Amino acid sequence: MKKVFALLLAWMLAVFSAGALAAPGDAELLRGGEDGFDGGVRCVSELEGSLYVLGYDAVYLLASDGAQPVRYPLNSYPAPEEDGDAFQYEYHALCPVDGRMCVAVTSSRQRTEGSGEDADTLVTLEGAYLCELALSEADGASPGERIAQLDWRELIAGDGDFEYINAIRFPFAQDGALCFLGFDEAQNALLVRTDLQSGKT
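Residues numbered from 1 in each chain as written. Predicted model: local features only at pLDDT ≥ 70, side-chain atom pairs only at ≥ 80, totals over all residues. Heavy atoms only, no water.

Participant: Please set out the environment of Ser198 residue by residue, giving values where relevant.
Facilitator: Structurally, Ser198 is set in the segment after strand 14 (189-195). Remark: the alpha-carbon pair of Ser198 and Gln149, spanning 49 residues in sequence, is separated by 8.0 Å. (Helix = DSSP H or I, 4+ residues; strand = E, 2+ residues; numbered from the N terminus.)

Participant: Quick rundown of a negative patch on the surface? Include the residues and the values.
Facilitator: On the surface, a cluster of negative charge is made up of Glu113, Glu117, Asp118, Asp120, Asp159, Asp161 and Glu185. For Asp161, the position within the fold is in the loop between strand 10 (156-159) and strand 11 (162-165). (Patch = residues over 30% accessible without salt bridge, like charges linked within 9 Å, V, L, I, M, F, W, Y side chains within 5 Å. Areas by Shrake-Rupley, 256 points an atom, 1.4 Å probe, with all protein chains shown as cover. Salt bridge = Lys/Arg side-chain N within 4 Å of Asp/Glu carboxyl O. Lys, Arg positive; Asp, Glu negative; His and termini not counted. Charge placed at Lys NZ, Arg CZ, Asp CG, Glu CD.)

Participant: Residues and numbers for the pairing of strand 6 (residues 85-97), please.
Facilitator: With eleven of its 13 residues buried, strand 6 lies for the most part within the structure. Looking at chain direction, strand 6 and strand 7 (residues 100-113) are connected through twelve bridges and run antiparallel. The partner of Pro96 across the bridge, within strand 7, is Met101. Linking two consecutive strands that pair antiparallel, namely strand 6 and strand 7, is a turn of two residues; a positive phi of about 50° is found at Asp98 within it. (Buried < 20%, exposed > 50% of the residue type's maximum accessible area, 1.4 Å probe, protein only. Pairing = 2+ DSSP bridges.)

Bear in mind that shape data such as this cannot, by itself, settle questions of function.
Okay, structure coming up:
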């Protein structure tokens, strides 16, 4: 009985005192609660000692000399409406390429047809791109210089009225290519390699 009690006590100490073991230099990356800033994590990448975290609503940057991450809201509507159509960026993955932190994005056109309860929103993918990640206090996180256009036609899911790209996992750049785990419309896992010179996938 004493042995069981001792094991239980050791387990409780390990679980409930884990936070007290953090070193003074440790940083708090994500936090829940009313003042939280997690927003869900889609991708984490590192460049020159700094961590970049892609969430669903923001990019968080923890500099190598920082104690708390800086939040940059995603700029999803970089272009004004054109003929009633809105253009939206969807952020999929972060990946360092040639010493620059880059982001893989898709651009979609949104058109609303009809009005009131009968209105329908049509979403058509216009293209996929690898861009340098631009961060600023004024504009948040947005695609910067375009590095490559990506041929992701085989990854498009949905029908003609609503098109999208399924989740991208574990992206990395190697030998001039962007590689990641993707999924087709039937949710079959795919190992994807996109050449950054030609854009062919």
